[in-house]
2 protein chains.
Amino acid sequence: MPIGTDVDALLASHDISSTQQRRQIARILFARPQHLSAEQVLEQVNAEGYRVSKATVYNTLGLFSRKGLIREVVIDPSKVFYDSNTSPHHHYYNVSTGTLSDIDATDVVLAQLPTIPEATELEGIDVIVRLRNRD
Amino acid sequence: MPIGTDVDALLASHDISSTQQRRQIARILFARPQHLSAEQVLEQVNAEGYRVSKATVYNTLGLFSRKGLIREVVIDPSKVFYDSNTSPHHHYYNVSTGTLSDIDATDVVLAQLPTIPEATELEGIDVIVRLRNRD
DNA sequence: TTAATTGCAAACATTTTGCAGGTTC
DNA sequence: GAACCTGCAAAATGTTTGCAATTAA
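Residues numbered from 1 in each chain as written. Chains lettered and ligands numbered in written order. Predicted model: local features only at pLDDT ≥ 70, side-chain atom pairs only at ≥ 80, totals over all residues. Heavy atoms only, no water.

**Remarks on the packing of helix α2 (residues 20–31) of chain B against helix α3 (residues 38–47) of chain B**
All names here are of chain B.
- One can describe the packing of α2 onto α3 by two numbers: an axis separation of 10 Å at closest approach and a directional angle of 110°. Relative to α3, the element α2 is oriented roughly perpendicular. Where α2 approaches α3, its residues Q24, I25, I28 and L29 are matched on the opposing element by V41, Q44 and V45. (Axes fitted to C-alpha atoms, helices over the stretch in contact; angles between N-to-C directions. Helix = DSSP H or I, 4+ residues; strand = E, 2+ residues; numbered from the N terminus. Parallel < 35°, antiparallel > 145°, perpendicular 65-115°, else oblique. Contact = heavy atoms within 4.5 Å.)

This is the structure:
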């Protein structure tokens, strides 16, 4: 099964031209649902024997995120995570372990939303539930 | 009116010993409701003619935040904002301008919360409403 | 006076940039 | 072949650290 085809279609559907490096990075991001930092993406690409430069990883993640292929999750200022799950959902963040995990959108119900200020429109709502390990 | 007295009481009530630099930084943070980055705090302190080193600003903001005097708000990966409003509330983040503003807690009602995973306890919930300027 | 705090400068980590060379359509 | 993309190394952030000097209680 030509995995490359899927990735190409995915990139094309988001108006991203296909290159070796982008395919490689996309393959890793979409291999399974996960939250990866730029550094982890770089590691995994290189672990598979391919080589993509650091700058390209950053550029590509930024591009994917602008194009809506992945979603940036900002939780810890020291690192941005990229989430290949772009469907509406929220996150648990375990502050003891630094682990990020998904919360299904249906498990969080916002009964009431604040008014949206003049001249702006809603881009999205992030709910982050911070947890601590009980000791 | 001896402003210093208020700040001293504030620090003391949070179990923080009072020093010139800490008073100076607290004065700025509590002058009005605002969201400042470490760099902005440093600028404002220096603008008032006092001098506090960069390291002390970072140390002090971290200390204040650990002691519950201020709250860390992580939204923009490039910098942490410190919010002198520690009462429960959420944030608007205007992605077009990078501006952060408060949403009163009563304007956001979480009707349903996800279950808290085994062996962990809730540390807090952040709701970030991302806005975009309408063009 | 004795422990805590500060300033400095250097170290770090992460991300961005400039530009020469390579790739894609 | 023209526009776009990539790699490298250097630069730009933002934050932390080690340690000697200063300040607080």
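**Focus on the sheet that holds strand β2 (residues 71–76) of chain A**
Residue and element names in this part refer to chain A.
- An order of β1-β3-β2 is seen for the three strands of this open sheet, with the pairing classed as antiparallel. Pairing within the sheet leaves two strands with one partner each, and these edge strands are β1 (35–37) and β2. Taken pair by pair, the neighbouring strands of this sheet meet at an average axis angle of 40°, ignoring direction.
- The sheet contact formed by β2 and strand β3 (residues 79–83) spans five bridges and is antiparallel. Considered in β3, the bridge of D76 is made with K79. (Pairing = 2+ DSSP bridges.)

**Describing the protein's contact with DNA strand C**
- Taken together, 17 residues form the shell around DNA strand C, and within it Y58(A), T19(B), Q21(B), S53(B) and T56(B) come nearest.
- The sugar and phosphate moieties of DNA strand C supply 89% of its atoms located within 4 Å of the protein.
- Contact distances for DNA strand C include 2.4 Å between a phosphate oxygen and a side-chain N or O atom of Y58(A).
- Between DNA strand C and the protein, one listed contact pairs a sugar or linking oxygen with a side-chain N or O atom of Q21(B) at 2.7 Å.
- Put simply, the parts of the chain that give the surface near DNA strand C at least two residues each are α3 (38–47) and α4 (54–66) of chain A together with α2 and α4 (54–66) of chain B.
- Of the residues forming the surface near DNA strand C, the biggest block, three residues, is contributed by α4(A).
- Partitioning the surface near DNA strand C into residue classes produces six nonpolar, seven polar and four charged. (Near = heavy atom within 4 Å. Polar contact = N/O pair within 3.5 Å; in protein donor to acceptor, adjacent residues only side chain to side chain. Nonpolar A, V, L, I, M, F, W, Y, C, P; charged D, E, K, R; others polar.)

Limitation: the analysis is restricted to geometry and does not speak to function.
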